[in-house]
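Observations on chain architecture
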Amino acid sequence: MATAPSTFVIIGAAATNNQRQNRGKNGCCCCNPIAAITLIPDIFIFFSAGMNLALGLGWDYYSAFGPVKHFRFSWFIGVIAGALLALLFRLVISKQFIRVLAKILILAEGILFTSAPYDEQALLAGRYLNGIAVGLSTIIFLLRASEISPNHQRGSCLAIEQYCISVGIAIQMIYTSQWADDTRFPANRLHGILDIIFAACAIASAGRFGSIESPVDWLWKGQETAAWECLVGLQYPNAADGATKIRLEELTEYVRYEANLSLMDDIKRGALPLVKMIFFRSMILAFSFSLPLSLILQHSSDVNYTTWPAIVAGCLRIFGGFIAQMQIDFLGRKSPALFCSIVVGAFVTGIGGICADFFNLQSVYEMSVVTTLCLLIQFFAGCFAPFTSAFLGEAFPWILKPYFMAIVVVMEQIIHIIVICTFWEFNSGLFLAPGILIIVVSMILAVTMPETRNTSLMEAQGRFRNLIYFKAY
């Protein structure tokens, strides 16, 4: 067991000045996998989130019963409720208990889908339960991941959220697109079984990997010894060294600085980052994987009598996310993210141009072009999504951070609900408007979004508060 900071013996205290500087910059002395390992239980929650997200955005073959629109947007309402409940629950119960509650809700949803695959009310209840679980998990995960991860690994730890959602999206796209209408085994039952497996894996791994809490929470409570033990637990091997002390000093300074700010100071410091993140995450992320994009991919596949595009699209999304996950802490966040968003906007606009002529919707050649564009969109959207998690975990001052994050998450779901409720048929404006918006907003963000690679949380938040930020790397 680690001793208190007042009595610990620092191993390797004779490290060179160069090593100390490197440790201070990175928040750790080496490539440390422990922070990512402690997030393993949350991986399974976001697998389930991706499946249910895709289920609500058109990948619902043989799944929806009763009012289809209600079935589709019910999950997004659940996410909104979960995000708001997370703000309340974190004030009265521990984050660890909230994470356990989310896993239980996903298990309940899986049981409902498995046991009553044709019951409209049971399916709706399951959708709401899963949405609440994901809303709870998203806020708590991003808070925890941003605080336990070393500075040089914070991006990849935070990016786990959207990357795992992309994997879940791919799973839903692939199995629903290959489902036969004469299959006696209900598609919803398979969906439920997968969610039960994910919930069981999350619960089973929680005791082994998810027990380390945020050292920032302990420092805020004035319990420096507990914070120290958390940091030691995040070391590999579990031994204190010079980097541990540097990390503790950095987080202590961060908490002390945040504690001296008034509520109005926090609101002012979070307002500009909030606007940036609403456009960067809520809008672009929602428009890059939406109901119209899913349905136009399905329509173009039907016109060409093919079922393989959904498989390829899912795989490309996973591959794009994997590339982002691997380089997010090396090549940076800003330039790759905005490049991907501009490409997505251009391809969505291209689909809008094709859909401007009604006869193109029945043209084999034009729909082949649309299929190709949809596949490329999934690749670049999959690459873009993880960057939104990284920025969302870094943008806001600590005290009001969960509230600002909840606003961003809620706005993303509202955009999805609006699109679901207003979609009637394919037309050029359905794709031209989002495509042009994505391009214009991305160009504005190119001179306003900061680069936060290898920065402390305090420094990253300081960069977000700058209205203009030209540096791209």
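Shown above is the structure to which this text applies.
This write-up is about the structure you can find in this document. Source: prediction; values computed, not measured.

1. As for empty space enclosed by the protein
A full pass over the atoms with the stated rule returns three cavities of 30 Å³ or more. The volume enclosed by the largest cavity comes to roughly 190 Å³. As for the largest cavity, its lining consists of 19 residues, and the residues nearest its centre are L53, Q162, I165, E412 and Q413. At the level of secondary structure, the elements contributing two or more residues to the lining of the largest cavity comprise α3 (40-56), α4 (68-92), α6 (120-148), α7 (154-177), α12 (263-288) and α17 (401-422). Per element, the largest residue contribution to the lining of the largest cavity is four residues, and it comes from α17.

2. Some remarks on the layout of surface pockets
There is about 380 Å³ of room inside the largest pocket. Only α4 and α9 (215-220) provide two or more residues apiece to the lining of the largest pocket. Considering every element that reaches the lining of the largest pocket, the biggest residue donor is α9, with three residues. Split by residue class, the lining of the largest pocket holds eight nonpolar, two polar and five charged.

3. Points about the packing of α4 against α6
As a packed pair, α4 and α6 sit with axes 6 Å apart at the nearest point and diverge in direction by 40°. Here α4 is positioned oblique relative to α6, judged by the angle of their axes. Remark: the crossing between α4 and α6 carries right-handed chirality. Across the contact of α4 with α6, the residue classes break down as 17 nonpolar, seven polar and three charged.

4. A short note on the environment of F97
In this structure, F97 sits in helix α5 (residues 95-115). What makes F97 partly exposed here is its relative accessible area of 47%. As for F97 and C157, which are separated by 60 residues in sequence, their C-alpha atoms are 21 Å apart.

What counts and how
- Residues numbered from 1 in each chain as written.
- Predicted model: local features only at pLDDT ≥ 70, side-chain atom pairs only at ≥ 80, totals over all residues.
- Heavy atoms only, no water.
- 1 Å grid on protein atoms, 1.4 Å probe; cavity = no way out; pocket = protein on both sides within 12 Å on 5 of 7 lines; lining within 4 Å.
- Points joined across faces, edges and corners; volume = space filled by probe spheres on them.
- Helix = DSSP H or I, 4+ residues; strand = E, 2+ residues; numbered from the N terminus.
- Nonpolar A, V, L, I, M, F, W, Y, C, P; charged D, E, K, R; others polar.
- Axes fitted to C-alpha atoms, helices over the stretch in contact; angles between N-to-C directions.
- Parallel < 35°, antiparallel > 145°, perpendicular 65-115°, else oblique.
- Left-handed = near helix turned anticlockwise from the far one by under 90°.
- Buried < 20%, exposed > 50% of the residue type's maximum accessible area, 1.4 Å probe, protein only.

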